[in-house]
2 protein chains.
Amino acid sequence: MVIFVSDKQQDSRTRLLDSALRVVRAKGYSATRIDDLCSDAGVTKGSFFHHFRSKDDLMLSAVGHWDTMTGNLFAQAPYHHLDDPLERLLAYLEFRKDLLVGDLPNFTCFAGMITQEAYETRPEIVAACERSISGHAATLEADIREAMSLYGIQAEWSAEGLALHTQAVLQGAFILAKAKGGAAIAAESIDHLVRYLKLLFSTHNQT
Amino acid sequence: MVIFVSDKQQDSRTRLLDSALRVVRAKGYSATRIDDLCSDAGVTKGSFFHHFRSKDDLMLSAVGHWDTMTGNLFAQAPYHHLDDPLERLLAYLEFRKDLLVGDLPNFTCFAGMITQEAYETRPEIVAACERSISGHAATLEADIREAMSLYGIQAEWSAEGLALHTQAVLQGAFILAKAKGGAAIAAESIDHLVRYLKLLFSTHNQT
DNA sequence: TCTTCAATACCAATCAGTCGGTATGGTGTA
DNA sequence: TACACCATACCGACTGATTGGTATTGAAGA
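Notes on the structure in this doc start here.

### Some details on the overall build of chain A
Here is step 1 of the chain: What chain A contains, in helices and strands, is 10 helices and zero strands.
Here is step 2 of the chain: Along its sequence from the N terminus, chain A presents helices and strands in the succession α-α-α-α-α-α-α-α-α-α.
Here is step 3 of the chain: Rg of the C-alpha trace for chain A: 18 Å, near the compact-globule value of 17 Å for 207 residues, within the 12% margin.
Here is step 4 of the chain: Expressed along its principal axes, the backbone C-alpha trace of chain A runs to roughly 65 × 35 × 30 Å.
Here is step 5 of the chain: Residues classed as buried in chain A amount to 57% of the 207 residues present.
Here is step 6 of the chain: The contacts of chain A with a sequence gap of at least 6 include a subset with a gap of at least 24, amounting to 66%.
Here is step 7 of the chain: By element, 50% of the accessible surface of chain A is carried by carbon and sulfur atoms, the whole surface being about 8,600 Å².
Here is step 8 of the chain: Once the 20 positive and 26 negative side-chain charges of chain A are each reduced to a mean point, those two points are 7 Å apart.

Right under this line is the structure:
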């Protein structure tokens, strides 16, 4: 929230999109009411339907909003400066761990949550979530590929697959965190992922 | 579904619980209507409210139902016969891969889905899901502990933490599968997890 | 005056839950 | 055997609240 939400007093449209990220991550897609979004955004229903045709229309835009917000966040993150591509990847995961602060809905993934709920009923929205998740994974893929050639890894797994695996671990970590009611278990899962990557790229273990 | 659903012509109560597992995994918790469950179970609303006080009451029972169904499934699974505890663990994951068949809602985790959606609003139900997930993880913990001592692993990670990590990977794999619209990516994530465990327990890599 | 944005009252559909009543089968008793 | 009595299971029309969406009006800037 504190991270992903734009400045106060944005225009109504942006405030509604910000509210969608907040409220949906707390209550889920179906349970989120249009009135919830309006009151969270401090906006009336008339304004809502001026800017969006329907709830689903807003949600589709909200996925795009999520994508640009997170895109900016990771683009500005510190881990890109490192020289070694493996170090960049590991620093990315440290950065993900640093984001595990505040209440749980603060750091869980909007796209992942919606994918779960909307899978059967809103294919368009799920497709947008897929593009967001895969697009983010793609930003790791380059580093992974570079690390593979730098460390001379000839593997039966692909850079793309490993990048997606990191996202799977993160998504799963969020669920476990919700189940356990705390971020600690999520951090532990990320630690396991870091350990895996280190083992994978240690020169003794080329598979 | 084909796996987790009891025989036809059970009593109405059991049919409603089976329907809950099916319908919720397809449509999500909030989007599941009582009428959906009734028509899926071939039962009337009157019958529903004869057996359950409310929707939430049924859902709480459904988590217990899920727990016993999956408990039986894994108790009867073939991987327990192996002598080596690490082999048992790896065979468990192969078994999980074998379960990735049919439509996506067939093999996703009821408890994990509900945890996502109900986290803020139904603490009791989430607590039941947590017990189910952690209880399942606990069945792996013994094997992990045994493998640690057999392979002489002195680690900074715990058997419990690693067991929970396997569940996190599975949960995340399900989300990615829904995003990508197929089970393949989930299998790939499980492969990465298997590779991690092998590296972790290979005697060259004691951390 | 025309367009953009927003406020409020309102509508129709949906949905969780209620309620009065029925069907069936078991048990005790004469 | 026959009858009264009761409990469990079930039925489905109905209700009141919720909710997505609409219609109407107003206000401010260009």
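### Here we look at the side chain of B:Thr32
Residues and elements named next belong to chain B.
Here is step 1 of the chain: Looking at the secondary structure, you find Thr32 in the loop between helix H1 (12-27) and helix H2 (34-41).
Here is step 2 of the chain: At 2.6 Å, the side chain of Thr32 forms a polar contact with the backbone oxygen of Gly28.
Here is step 3 of the chain: Non-local contacts of Thr32, meaning those with residues more than four positions away in its chain, are made with Val23, Val24, Lys27, Leu37, Lys55 and Met59.

### Section: the nonpolar core
Here is step 1 of the chain: Residues A:Phe201 and B:Phe201 are the most contacted members of the largest nonpolar core, which totals 145 residues.
Here is step 2 of the chain: Not counting residues within four places of it along the chain, the set of residues in contact with B:Phe201 comprises B:Leu86, B:Ile144, B:Ala147, B:Met148, B:Tyr151, B:Ile153, B:Trp157 and B:Leu162.

### Focus: the protein's contact with DNA strand D
Here is step 1 of the chain: The environment of DNA strand D is formed by 13 residues, the closest being A:Arg33, A:Lys45, B:Ser12, B:Gly46 and B:His51.
Here is step 2 of the chain: Take the atoms of DNA strand D that sit within 4 Å of the protein: sugar and phosphate atoms are 56% of them.
Here is step 3 of the chain: One nitrogen or oxygen atom from the side chain of B:Ser12 is found 2.8 Å from a phosphate oxygen belonging to DNA strand D.
Here is step 4 of the chain: Here a phosphate oxygen of DNA strand D sits 3.0 Å away from a polar atom, N or O, in the side chain of B:Thr44.
Here is step 5 of the chain: Of all the elements in the fold, those that place two or more residues in the surface near DNA strand D are helix H3 (45-51) of chain A together with helix H3 (45-51) of chain B.
Here is step 6 of the chain: The element that contributes the greatest number of residues to the surface near DNA strand D is H3(B), accounting for four residues.
Here is step 7 of the chain: In the surface near DNA strand D, the residues fall into two nonpolar, eight polar and three charged.

### Here we look at the relation of the copies chain B and chain A
Here is step 1 of the chain: Take chain B, turn it by 180°, move it 0.0 Å along the axis, and it overlays chain A with an RMSD of 0.0 Å. Put plainly, the chains are arranged around a two-fold axis. No C-alpha of chain B lies nearer the rotation axis than that of B:Gly172, which sits 1.9 Å from it.

Parameters at a glance
- Per chain, residue numbering runs from 1 following the sequence as it is written.
- Note on labels: chains are lettered from A, ligands numbered from 1, in written order.
- Side-chain atom pairs in this predicted model are given and counted only at pLDDT of 80 or more, local residue features only at pLDDT of at least 70, and totals for whole chains, interfaces and linings cover all residues.
- Hydrogens are left out, water is left out, and the side-chain values use all remaining heavy atoms of the structure.
- Runs of E in the DSSP output that reach at least two residues are strands. Runs of H or I that reach at least four are helices, and both are numbered from the N terminus.
- Between the two quantities, the radius of gyration covers C-alpha atoms and the globule rule is 2.2 Å times the number of residues to the power 0.38.
- Accessibility here uses a 1.4 Å probe with only protein chains present; expressed as a share of the type maximum, an area under 20% marks a residue as buried, one over 50% as exposed, and anything in between as partly exposed.
- Only heavy atoms enter the contact rule, under which two residues are in contact if any of them lie within 4.5 Å.
- For accessible areas, the Shrake-Rupley method is used with a probe of radius 1.4 Å. Any residue's cover is judged against the shown protein chains and nothing else.
- When charges are counted, neither His nor the chain ends are considered; positive counts come from Lys and Arg and negative counts from Asp and Glu.
- To locate a charge, take NZ of a lysine, CZ of an arginine, CG of an aspartate or CD of a glutamate.
- In the analysis that follows, any N or O atom pair within 3.5 Å is treated as a polar contact, provided that within protein one partner can donate a hydrogen and the other can accept it, and provided that, for residues neighboring in sequence, both atoms belong to side chains.
- We define the nonpolar core as a collection of buried residues of types Ala, Val, Leu, Ile, Met, Phe, Trp, Tyr and Cys that are connected through side-chain atoms lying within 4.5 Å of one another.
- When at least one non-hydrogen atom of a residue lies within 4 Å of a molecule or strand, that residue is treated as near it.
- Polar here means any residue other than Ala, Val, Leu, Ile, Met, Phe, Trp, Tyr, Cys and Pro, which are nonpolar, and Asp, Glu, Lys and Arg, which are charged; Gly is therefore polar.
- The least-squares superposition of copies is restricted to C-alpha atoms, and to residues with a pLDDT of at least 70 in both copies.

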